[in-house]
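If you want the building blocks of each chain, they are given just below.
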Amino acid sequence: MLFGTLSVGSSCSFFYINSVLLFTLRSKQVFCETSRYILLFNLLFADTATLVSNILLYILASLRIKMSYYACGPLILLSVFTITISPLTLAVMSFERFVAVCYPLRHAAIFTMRSLSIIIALVWAFSFIHILIRVFMLLYVFTTTSLDLQMNDFCSKEAMFFTPIFNYFEEAYSSILFLSVGAVIFASYIGVALVARSASKDKASARKALQTLLLHLIQLSLILTSTLSSTIITSIARRVGRLTLIRIYNVCFVSLNIFPRCLSALIYGLRDQTIRPALRQNLCCRWRCSLF
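Since this is a predicted model, take the numbers as computed values, not measurements.

Colleague: Describe in detail the packing of helix H3 (residues 35–62) against helix H6 (residues 113–144), supporting the description with residues and values.
Modeller: Describing two packed helices takes the angle between their axes plus the distance from one axis to the other. Taken N-terminus to C-terminus, the directions of H3 and H6 make an angle of 20°; their axes are 11 Å apart at the nearest point. Classed by the angle they form, the pair H3 and H6 counts as roughly parallel. Relative to H6, H3 is oriented so that their crossing is right-handed. Within the contact between the two elements, H3 uses Ser-35, Ile-38, Leu-39, Asn-42 and Phe-45 and H6 uses Met-113, Leu-116, Ile-120 and Trp-124.

What follows is the structure, given as C-alpha cells:
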C-alpha cells in the first residue's frame with residue numbers, strides 16, 4: 001500500500017511539472033516561434049499523455065478493476081501510440097541541435113514553421129500507422145480466437161497483446177525504431193563533438209549542445225528499457241513471491257515508465273536559461289519563490 005501511494009504521489013508530482021512546462025511553452029511568443037521549443041512542446045505533450053495513461057492503468061490495477069477488451073483497448077493503444085512519438089521527436093531534436101551548431105547559417109532556412117509542421121505531422125503519422133497495424137492484428141486475433149469479452153486479468157499491455165505474434169512484432173519494431181533513432185542521436189553527437197574541438201568561437205554553445213545530446217541518449221535508453229519492462233517483470237515473476245513482485249513492479253513503474261517521461265522537463269526546465277525563469281514563475285503560481 002505504501003509503495004503504491006508513493007508511486008502515485010510521485011507520478012502526480014511529475015504530471016504537475018510537465019503540465020506547468022507545457023503551459024510555459026505557450027505563454028510567450030519566443031517559445032511559439034523557436035524550433036527547439038516547438039519540438040520540445042511536441043515531445044512533452046506525448047510524454048504527458050503517456051504519463052496520464054500509465055497512471056490511469058496503474059490506479060485501475062491497484063483498485064483491482066477488471067475491464068472488457070473494448071474498454072481496455074483504447075487505453076493501451078493510447079499509451080503505445082504516444083510511446084512511439086517520444087523517440088522519433090528526440091531524433092528530430094538531436095538533428096536540430098546538430099544543424100544549429102554545425103550549420104548555423106542554414107538553420108533558419110531548414111527549420112522553418114512550415115518544415116517543422118511537416119516533420120511533426122510525419123512523426124504523428126508514423127506513430128498512427130504503428131497503432132493501425134496493431135489494431136488490425138487485434139482484429140485478426142479476436143476473429144480467429146474464441147475469447148470472452150471480459151478480461152480475466154487487469155488492463156495491461158501484457159493482457160491485451162497476449163499472443164506470440166505481438167511479441168515478435170514488438171521485438172522487430174522496437175529494434176528498428178531504437179537503432180535508427182540511436183544512430184541519428186549518436187551521429188549528431190559526433191558531428192557536434194568534431195565542431196566543438198575545431199571551433200575557435202562559441203565553444204560554450206557547442207559544449208551545451210553536446211550535453212543535451214548525451215542526455216537525449218540517456219533518455220532514449222530509458223524509454224527503450226521501459227518498452228522491455230513487461231519482459232523484465234515477467235521473467236522476475238517466475239523467481240520471486242507476490243509481495244516482492246509488487247514492490248519490484250512499483251519501482252519499475254516509477255523508474256522505467258514515469259521518470260523517463262519527466263526527463264524533458266528536467267533537461268530543459270532546469271538547464272535552459274530562457275525557460276527556467278518563466279517555469280519558476282509558473283510553478284510558484286507567480287509568487288516570489290527561491291526554489292531555483
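Colleague: Lay out the nonpolar core in plain terms, naming residues and giving numbers.
Modeller: Of all hydrophobic cores here, the largest spans 69 residues; its most connected members are Leu-25, Ile-76, Phe-161, Val-192 and Ile-275. With 17 residues, helix H4 (residues 69–102) is the largest single contributor of residues to this core. Non-local contacts of Ile-76, meaning those with residues more than four positions away in its chain, are made with Leu-57, Cys-155, Ser-156, Lys-157, Met-160 and Phe-161. Within the second largest apolar cluster, 7 residues are counted, among which are Leu-51, Tyr-58, Phe-253 and Ile-258.

Colleague: I'd love a proper account of the environment of Ser-115, names of residues and values included.
Modeller: Here Ser-115 lies in helix H6. Separated by 80 residues in sequence, Ser-115 and Ser-35 place their C-alpha atoms 9.9 Å apart.

Conventions we followed
Residues numbered from 1 in each chain as written. Predicted model: local features only at pLDDT ≥ 70, side-chain atom pairs only at ≥ 80, totals over all residues. Heavy atoms only, no water. Axes fitted to C-alpha atoms, helices over the stretch in contact; angles between N-to-C directions. Helix = DSSP H or I, 4+ residues; strand = E, 2+ residues; numbered from the N terminus. Parallel < 35°, antiparallel > 145°, perpendicular 65-115°, else oblique. Left-handed = near helix turned anticlockwise from the far one by under 90°. Contact = heavy atoms within 4.5 Å. Core = buried A, V, L, I, M, F, W, Y, C linked by side-chain atoms within 4.5 Å. Buried < 20%, exposed > 50% of the residue type's maximum accessible area, 1.4 Å probe, protein only.

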